[in-house]
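Working through the structure, step by step
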Amino acid sequence: MAKREEAVNMTAQFAEFKELKDIDKTTLISVLEESFRSVLSKMFGNDDNFDVIVNPDKGDCEIYQNLEVVEDGEVENPNKQISLSDAKADDDPDCEVGEEHTRKIDFAKFGRRAILNLRQTLASKILDLQKDAIYTKFKALEGQLVAGEVYQVWKREVLLLDDDKNELLLPKEEQIPTDIYRKGDVVRAVIEKVDNTNNNPKIIVSRTSQNFLRRLFEQEVPEIHDGLIVIRAVARIPGERAKIAVESYDDRIDPVGACVGVKGARIHGIVRELRNENIDVINYTSNPQLLIQRALSPAKISSIRLDNENKHAEVFLRPEEVSLAIGKGGLNIKLASILTGYSIDVYRDVETETEEDIYLDEFKDEVDEWVIEALKNVGLATAKSVLRTPREDIIDKADLEEDTVDNLLAVLRAEFEE
């Protein structure tokens, strides 16, 4: 009786296991049936004449053996046939020779060893299914934000556990250099990649990925989450500095202002998460000259020469602006190159070293602001850079009328003649 109860309760135990491991009922039933049939095949030679009925709601399993009724004394294969007398004695008094008799198999007949083998088979199959489910789930989440509790800290990686106790690995190279981890801390990261070597899912998470910065902005800025603002480009040196280019689909929304928040409330939360990593947010533009100009902020550019075919830019600045463009340790120009996709070289504007230049913004009283913006959009931000540029090029690149350009040049020349 103990063996019978053990076998009957076994499916109930695995039903509970299924709930914990998030394996669907249909799959579990299939695995249970397959495992029972495997045991039957070993016991009886094959399982062709057996019916296996799994009752997931009751938490049990019923097995029936279908036997051909033959005359007494003519049973040649007891696994396929049953004598007429035995069939009638087996609760089938109306059976006749040639008919099929169905016998319910007692679980106790499996024996303790068979039951243990069945348990092991089930456990192995369900574990494989669980691993497949984990891989499928997290593979679909690559690039998404996830949170985990620090469970173990090693020299080369940190082990995190999510709410479902799934293991997430945070390697040293995916950690922000200034991160400090203690057991029990809750850490946010993005799922960088999911491997499944030898059916052993390995979930790698990252805090240095550009996607981590993207997801943090999506979480902190509702307009990005709702699709009103889109992140066009991200450049990041983890733990040091980052630049992000954003664009709004709604003219009423200032994308930079929305990302920064009132008094910096939104971006401060992201900066804290990134261990005080400085973040520059700029307005995206499809105009490469203007994008480079914005990306090199806070430096003010005199002029830009572009080689669009080779994605190369030569940027000219006043001497005092060069160090700002390059930035501490070269971070500013490096991030600007990543953000824009252009390799950037900066040069001192030789003419401005001996003769003072003037930014076009200083001429707003004499030149329409939209004209100044058109010039800045093509990389001409100072009076000298405009005067050095051929008249035809200004008309063509800035898309200005000839009279407008002539009036502009007259105003600028008058300034220096004075």
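Please refer to the structure placed before this passage.
Residues numbered from 1 in each chain as written. Predicted model: local features only at pLDDT ≥ 70, side-chain atom pairs only at ≥ 80, totals over all residues. Heavy atoms only, no water.

We now examine the sheet that holds strand β12 (residues 278-283). Spatially, β10-β11-β12 is the arrangement adopted by the 3 strands of the open sheet, whose pairing is mixed. Strands with a single pairing partner mark the edges of an open sheet, and in this sheet they are β10 (229-237) and β12. Averaged over neighbouring strand pairs, the angle between their axes works out to 20 degrees when direction is ignored. In the sheet, β10 pairs with strand β11 (residues 241-248) via 8 bridges, with the strands oriented antiparallel. By the bridge assignment, I231 is partnered in β11 with V246. (Pairing = 2+ DSSP bridges. Helix = DSSP H or I, 4+ residues; strand = E, 2+ residues; numbered from the N terminus. Axes fitted to C-alpha atoms, helices over the stretch in contact; angles between N-to-C directions.)

Let us now look at the side chain of H101. You can see H101 is positioned in strand β4 (residues 100-104). Engagement of the side chain of H101 in a polar contact is seen with the side chain of D92, the distance being 3.0 Å. Apart from the residues lying within four places of it in its own chain, the contact partners of H101 are Q65, N66, L67, V69, I82, A87, D90 and D92. (Polar contact = N/O pair within 3.5 Å; in protein donor to acceptor, adjacent residues only side chain to side chain. Contact = heavy atoms within 4.5 Å.)

Take the nonpolar core next. One finds I292, L296, V315, L317, L339, I344 and V346 to be the most contacted residues of the largest nonpolar core, which totals 25 residues. At the level of elements, β10, α9 (288-295), β13 (301-307), β14 (312-317), α10 (319-326), α11 (331-340) and β15 (343-348) are the ones that each hand at least two residues to this core. The element best represented in this core is α11, accounting for 5 residues. In this structure, I292 is in contact with I301, I304, L306, A313, V315, T340, Y342 and I344, ignoring residues within four places of it in sequence. (Core = buried A, V, L, I, M, F, W, Y, C linked by side-chain atoms within 4.5 Å. Buried < 20%, exposed > 50% of the residue type's maximum accessible area, 1.4 Å probe, protein only.)

Approximately 350 Å³ is the volume found for the second largest pocket. As for the second largest pocket, its lining consists of 16 residues, of which S303, I304, R305, L380 and T389 are closest to the centre. Among the secondary structure elements, those contributing two or more residues to the lining of the second largest pocket are β13, α14 (383-388) and α15 (391-398). Counting residues per element, the lining of the second largest pocket draws most heavily on β13, at 4 residues. In the lining of the second largest pocket, the residues fall into 6 nonpolar, 4 polar and 6 charged. (1 Å grid on protein atoms, 1.4 Å probe; cavity = no way out; pocket = protein on both sides within 12 Å on 5 of 7 lines; lining within 4 Å. Points joined across faces, edges and corners; volume = space filled by probe spheres on them. Nonpolar A, V, L, I, M, F, W, Y, C, P; charged D, E, K, R; others polar.)

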